[in-house]
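Architecture and fold: a report
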Amino acid sequence: MATISKLANPSFVASSSLRSDRIVPLGPNRVVPLRSVSAPVRLSIRSNNNQRRCLVVKCGAVDGNGASTKRTTLHDLYEQQGQSPWYDNLCRPVTDLIPLISSGVRGVTSNPTIFQKAISSSSAYDDQFNELVSAGNDIESVYWELVIKDIQDACKLFEPIYDETDGADGYVSVEVSPRLANDTQGTIEAAKWLHLVVNRPNVYIKIPATADCVPSIKEVIANAISVNVTLIFSLARYEAVIDAYLDGLEASGLSDLSRVTSVASFFVSRVDSLIDKMLEKIGTPEALNLRGKAAVAQAKLAYKLYQEKFSGPRWEALVKKGAKKQRLLWASTSVKNPAYPDTLYVDPLIGPDTVSTMPDQALQAVLDHGTIARTIDQNVSEAEGVYSALEKLGIDWNQVGTQLELEGVDSFKKSFDSLLSSLQEKGNSLKTAKV
């Protein structure tokens, strides 16, 4: 029986989602053709709340008779409900993703905080780091080299899904520097550079949905670069993001738009974290009764807006050129309040043409007891009622969105700066040791 656990050097693993003739690296100088692996992998979950690490699978063969890999709720989410489950984490060894792909994960998201934790807490980056520093690279260049290798390696693992779905799924996301969150042109240039150096068809360049970067989204899409728009916290900003995507498609001048895709990452749990505090400050029974309801209500209304915007004459004209809808991606899906159900930000938001990216906690919960049903457009009138009730209590949704956006950008900047500072100290120590 396989268990999700810490494992420094995993033995070989098989994935039914990967093509049989792919060669997958399993560490330095070790590769194995997947077609040579006949025994499937069985997956079960063991949570570890003491450490924040990649989910890694310790593998055990099942019967050895070539039976198909055990199905999970993640397979059912995609095949029955049209929702793509992604994993919100990335670290080395990237081959740790193989059993997750086998369990039904169809893409990966990353951000500066994820890389800060991965690089600062693991020795897996040391050899490449030492080589890059010894070659005279500056620390920020070293950071990007470390990140780009992880993204390229992950893209290779998800490429079969990308191919099988004709470019609709199987993406790996990498974010531009958070220092550019208020720099329109700088973000455009950074996105072009990342797209060029990663050089993988299934990479998403992440751009924050700040007011300054919304024009960047249009320009990057117009350059036929696929984008994951991140840090969306309000309906007003979400509509601006959709418009930027549509404007970019129209401005591209392409006769075939089928390879230009995008997701809009709408953040969920952080909305409740902030609004719950506001409701507790108000303190009335009505206010307290609305705790834990704001985030899902707004997300359901976002899906309603999605359906409205991706219909009608303007959209149909783009469809004739092969355009694909900018899928809604539910981000920030882990529960922050332990009093809430651990699938609160996944189960009520299941629907076609959506993505749910889940960190360890949420992924484990969904694999164990997740719902398999279309829920995204259920109780929409109730969601509208919650949204309006919060407004009547004085909750300004746009102000909430602005505050969460500022906090999100600031958090990523701090992670980015902290990691660069740590890498600089490490580089200095390396240089001193060589003197």
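Structure first, text after, so check above.
Let me sum up the structure you'll find in this document. Small disclaimer: the values here were computed from a predicted structure and weren't measured.

1. Focus: the overall build of the chain
On a plain count of helices and strands, the chain comes out with 15 helices and 11 strands. Across the chain, the fraction of contacts at a sequence separation of at least 24, relative to all contacts at a separation of at least 6, is 77%.

2. Some words on helix α11 (residues 294-309)
The α-helix winds at 3.6 residues per turn, so residues separated by three or four positions along the chain end up facing the same way. Compared with the 22 Å implied by 1.5 Å per residue over 16 residues, the 22 Å span of α11 between its first and last C-alpha is a close match. With 13 of 16 residues buried, α11 lies mostly within the body of the structure.

3. Overview of the environment of Ala-287
Summarising the element assignment, Ala-287 is placed in helix α10 (residues 285-289). What makes Ala-287 buried here is its relative accessible area of 0%. Considered as a pair, Ala-287 and Leu-390 are 103 residues apart in the sequence and their alpha carbons are 7.9 Å apart. In this view, Ala-287 contacts Leu-279, Ile-282 and Leu-393; residues no more than four positions away in its chain are not counted.

4. Some words on the side chain of Asn-202
Within the secondary structure, Asn-202 sits in the loop between α6 (184-198) and β7 (203-208). A polar atom in the side chain of Asn-202 sits 2.9 Å from the backbone oxygen of Cys-155. Discounting chain neighbours no more than four positions away, the residues touching Asn-202 are Cys-155, Phe-158, Glu-159, Tyr-162, Gly-170, Tyr-171 and Val-172.

5. Here we look at unusual backbone geometry
Each neighbour pair has its own omega, and for Arg-92 with Pro-93 the value is -5°, a cis peptide bond. You can see Pro-93 is positioned in the loop between β5 (83-87) and α2 (97-102). The backbone of Leu-231 sits at a positive phi, close to 60°, despite the residue not being glycine. Positionally, Leu-231 belongs in strand β8 (residues 227-232). The exposure class of Leu-231 is buried, given its relative accessible area of 2%. At Asn-379, a position not held by glycine, the phi torsion is positive, near 55°.

6. Quick word on the pattern of salt bridges
Counting across every chain of the model gives 21 salt bridges. Note that Arg-92 is salt-bridged to Asp-150, the shortest N-O span being 2.5 Å. Of the two residues, Arg-92 is situated in the loop between β5 and α2 and Asp-150 in helix α5 (residues 139-164); the sequence distance between them amounts to 58 residues. Residue Glu-140 pairs with Arg-179 through a salt bridge whose shortest N-O separation is 3.4 Å. Highlighted residues: Glu-140 in helix α5 and Arg-179 in the loop between β6 (172-175) and α6, separated in sequence by 39 residues. If you follow the salt bridges from partner to partner, you end up with Arg-71, Asp-76 and Glu-79 in one network.

Reading guide: rules and limits
- Residues numbered from 1 in each chain as written.
- Predicted model: local features only at pLDDT ≥ 70, side-chain atom pairs only at ≥ 80, totals over all residues.
- Heavy atoms only, no water.
- Helix = DSSP H or I, 4+ residues; strand = E, 2+ residues; numbered from the N terminus.
- Contact = heavy atoms within 4.5 Å.
- Expected span 1.5 Å × (residues − 1).
- Buried < 20%, exposed > 50% of the residue type's maximum accessible area, 1.4 Å probe, protein only.
- Polar contact = N/O pair within 3.5 Å; in protein donor to acceptor, adjacent residues only side chain to side chain.
- Salt bridge = Lys/Arg side-chain N within 4 Å of Asp/Glu carboxyl O.

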